[in-house]
Amino acid sequence: MVQSSKFEKPKHHVHNNCKKATFGMGCFWGCDSLFGATKGVLRTRVGYAGGTTKNPSYKNMGDHTEVIEIDYDPEEISYEELLDLFWNNHEYGLTKRMKRQYMSLILYHDEKQQKIAEESLATEQTQRAPEKIVTEIAEAGHFYPAEDYHQKYRLQGHSDLAKAIGLTPELLQTSHVAARLNGYLIGVGGLEQFESEAPWLGLDTEHIHYVRNYVIENEGGGIFC
């Protein structure tokens, strides 16, 4: 469990031992919100990976795919649980082959993740037959962070809140509270989870009320782009 300090506001930095997971699920804005407000996830950032093109950009991605890189606490959430979210929250492309930018992709970081991912794919294929899953599994290579305007896209739409928590270009990729808010604002996690966590995140009463209204309004809605 992350240990908090009542003197740290807002809660940008957490220091758990963590592991990484990397997934491609279509447009990366939606999965950034999904995983950001999932218990056990510490940080998220979106970017480009899986290909060979050097220094890709959104307008020149080459053979890369839009992906999310997740730092998670394995004592709070397992890789299997992350994969469950992966399989059940594709916007498109799980059983229909898309262009490489939006393909379904699992990039593993060690042999254990590879084994779990391959077994998980086999199970999902059995359950979804006769549809054919087109997800690819490959070793994680170099990850190129996406441009700032893609990071925490939903949170950045609430400019006053982003300014109030001191969000900077660096914190867009590293902040714990930014990851959480990026999901809560579109209803991910739900009201009970948000209210239990909000004071620990270092939010003042005004901002808790502000985000709470969006959680209530959007809970159970779509996460997609």
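Summary of the structure given here.

**Structural notes on the state of the cysteines**
Here comes step 1: Taken as a whole, this structure holds one disulfide when the rule is applied.
Here comes step 2: The partner cysteine of C27 in its disulfide is C225, sulfur to sulfur 2.0 Å. In this structure, the disulfide formed by C27 and C225 twists by about -85 degrees around the S-S bond and is classed as left-handed. Here C27, found in the loop between β1 (19-25) and α1 (28-36), pairs with C225, found in the segment after α9 (205-218); they are 198 residues apart in sequence, far enough to count as distant.
Here comes step 3: Take C27: its relative accessible area is 12%, and that puts it in the buried class.
Here comes step 4: Look at C225 and you get partly exposed, because its relative accessible area is 42%.
Here comes step 5: Here C31 is not disulfide-linked; the sulfur of C27 is the nearest cysteine sulfur, at 7.6 Å.

**What to know about the pattern of salt bridges**
Here comes step 1: Tallied over the full model, the rule gives ten salt bridges.
Here comes step 2: Two residues, D71 and R43, come together in a salt bridge whose shortest N-O distance is 3.0 Å. Here D71 is found in strand β3 (residues 65-72), whereas its partner R43 is found in strand β2 (residues 41-49), with 28 residues between them in sequence.
Here comes step 3: For D71, a relative accessible area of 10% puts it in the buried group.
Here comes step 4: For R97, the salt bridge goes to E136, with nearest N and O atoms at 3.6 Å. Of the two residues, R97 sits in the loop between α2 (79-88) and β4 (104-108) while E136 sits in strand β5 (residues 136-139), which places them 39 residues apart along the sequence.

**Description of unusual backbone geometry**
Among all residues save glycine, negative phi is the norm, and among peptide bonds the norm is trans.
Here comes step 1: Here the bond from A129 into P130 is cis, since omega is 10 degrees, no more than 30 degrees from zero.
Here comes step 2: Looking at the element boundaries, P130 is found in the loop between α3 (111-128) and β5.
Here comes step 3: In the Ramachandran plot, N55 falls in the positive-phi region, its phi being about 50 degrees despite a non-glycine side chain.
Here comes step 4: Mapped onto the secondary structure, N55 falls in the loop between β2 and β3.
Here comes step 5: Unlike most non-glycine residues, K152 shows phi in positive territory, near 50 degrees.

**A closer look at α2**
Here comes step 1: For α2, the complete set of buried residues consists of Y79, L82, L83, L85, F86 and W87.
Here comes step 2: Those residues of α2 hidden inside the fold are in contact with β1, α1, β2, β3, β4 and α3.

**Details of the sheet that holds β4**
Here comes step 1: As summarised here, the arrangement of the six strands in space is β5-β4-β1-β3-β2-β6, forming an open sheet in which the pairing is mixed. Each edge of the sheet is formed by a strand with only one pairing partner; in this case those strands are β5 and β6 (144-145).
Here comes step 2: Here β1 runs beside β3; their pairing, made up of five bridges, is antiparallel. Following the sheet pairing, K20 is matched in β3 by D71.
Here comes step 3: On top of the sheet, α1 reaches β1, β2 and β3; it is set at about 165 degrees to β2, its chief contact.
Here comes step 4: Those strands touched by α2 are β1, β2, β3 and β4, and its axis lies near 15 degrees from that of β1.

What counts, and at which threshold
- Residues numbered from 1 in each chain as written.
- Predicted model: local features only at pLDDT ≥ 70, side-chain atom pairs only at ≥ 80, totals over all residues.
- Heavy atoms only, no water.
- Disulfide = S-S within 2.5 Å.
- Helix = DSSP H or I, 4+ residues; strand = E, 2+ residues; numbered from the N terminus.
- Buried < 20%, exposed > 50% of the residue type's maximum accessible area, 1.4 Å probe, protein only.
- Salt bridge = Lys/Arg side-chain N within 4 Å of Asp/Glu carboxyl O.
- Contact = heavy atoms within 4.5 Å.
- Pairing = 2+ DSSP bridges.
- Axes fitted to C-alpha atoms, helices over the stretch in contact; angles between N-to-C directions.

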